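Listed below are the residues making up each chain.
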Amino acid sequence: MKLSIITINYNNAEGLRKTLASVAAQTCNNIEHIIIDGGSTDGSVDIIREYAAHNAIFSSYRVTSATHSIIWISEKDNGIYNAMNKGILKATGDYIQILNSGDILAANDVTERMMSALESQNDEMSRTNVLNEPLSLNDGKVGILYGNMIKKDYTTGKIIGKSREVEYSLRNYYSGTMNHDCCYIRKNLFETYGLYDENLKIVSDWKWFLQVIGLGNVKPVYVDIDVTIFDASGISESNLTLRNKERRQVLEDVLPPAILADYDAHAFDTRQMDRLRKHHLYGLFYFMERVLFKLEKWHILK
């Protein structure tokens, strides 16, 4: 199988160096690296040219003699999702990973390990005839394989979080999401469900996962592998405000009003209950709820 790694960049030369070097260091040699630059003016294009010419920025990052195929363009785009879609349309790999400028792969062998996990999962699906199950793609192949994403604030150098397995349910994708940079997405999913919505500025990947996983027939497969290190230093309150606004817009567009009303009314309560179930005092909470329920019932009957 072949992996297409798509890197989006605009005037982030420092971050681009890290990302390209990270891909160049991979021990897996069946990688196609697609760099979509938005017409940068900060020297990013020179870095890309050097990388494309030598298949690596710095030879010290190379751990094998394997080479990766390079495709790149530098031109004005209409936003990050327009750039991602350009990369997806150019991709020839079986699976696609989005690794934006500034983010890096967690280890030199992570791509090799993820591709090996994909092969194992695909073999297992074929042996167990999963293609007959309604959640499959009906061709015996994994649609989405994902691992862990480490969040790092490069301004302080501190690790501030780590994503892990995401519950497969519409309820989860109503309020949460999957981090796309640690996902290997089968290319034909973009052909089946469409590309990223370019009308959105910040949550189009969340909308795509909501439609494909939350509402669609694709069940993601999780492996406990640290895949990427995400540069979280650029997250701001303004981004979070825009994210929440766009998410609400998407929910109103894609969910039937009756279903959305139910989720609005009960999603918070169910998340609270999930947290309570994990608490070591859950038995006490449950007992108290039963007592209160009995008292309320007794009062009504009285």
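Structure first, text after, so check above.
What you are looking at is a predicted structure, and each value in this text was computed from that prediction instead of being measured.

Each value, and the rule that gives it
- Residues numbered from 1 in each chain as written.
- Predicted model: local features only at pLDDT ≥ 70, side-chain atom pairs only at ≥ 80, totals over all residues.
- Heavy atoms only, no water.
- Patch = residues over 30% accessible without salt bridge, like charges linked within 9 Å, V, L, I, M, F, W, Y side chains within 5 Å.
- Areas by Shrake-Rupley, 256 points an atom, 1.4 Å probe, with all protein chains shown as cover.
- Salt bridge = Lys/Arg side-chain N within 4 Å of Asp/Glu carboxyl O.
- Helix = DSSP H or I, 4+ residues; strand = E, 2+ residues; numbered from the N terminus.
- Buried < 20%, exposed > 50% of the residue type's maximum accessible area, 1.4 Å probe, protein only.
- Phe/Tyr/Trp six-rings, centres within 6.5 Å; stacked < 30°, edge-to-face > 60°.
- Polar contact = N/O pair within 3.5 Å; in protein donor to acceptor, adjacent residues only side chain to side chain.

Among the surface-exposed residues, Met273, Leu276, Leu281, Leu284, Phe285, Phe287, Met288, Val291, Leu292 and Leu295 lie close enough to one another that they form a single nonpolar patch of about 870 Å² accessible area. Counting residues per element, the ones that place at least two in the nonpolar patch are helix H9 (257-278) and helix H10 (282-301). No other element matches the seven residues that H10 contributes to the nonpolar patch. Locating methionine 273 in the fold gives a position in helix H9. According to the relative accessible area criterion, methionine 273 is partly exposed, its value standing at 33%.

Moving on to the packing of aromatic side chains. Under the criterion given, the structure shown has six aromatic pairs. Summarising the aromatic geometry, the rings of tyrosine 146 and tyrosine 222 are spaced 5.3 Å apart at their centres and angled 55° between planes, so their arrangement reads as tilted. Highlighted residues: tyrosine 146 in strand E6 (residues 144-153) and tyrosine 222 in strand E9 (residues 221-231), separated in sequence by 76 residues. Note on phenylalanine 190 and tryptophan 208: the rings are 4.6 Å apart at their centroids and 25° apart in plane angle, and the pair reads as stacked. Residue phenylalanine 190 is found in helix H6 (residues 187-193), and its partner tryptophan 208 is found in helix H7 (residues 204-214); the two are separated by 18 residues along the sequence. Assessed through its relative accessible area of 5%, phenylalanine 190 is described here as buried. Assessed through its relative accessible area of 2%, tryptophan 208 is described here as buried. Taken together through their ring pairs, the aromatic side chains of Tyr81, Phe190, Tyr196, Trp208 and Phe209 make up a single cluster.

Glancing now at the side chain of asparagine 122. With respect to the helices and strands, the residue asparagine 122 is situated in helix H4 (residues 110-127). In this structure the side chain of asparagine 122 is engaged in a polar contact, spanning 2.7 Å, whose partner is the backbone nitrogen of valine 142.

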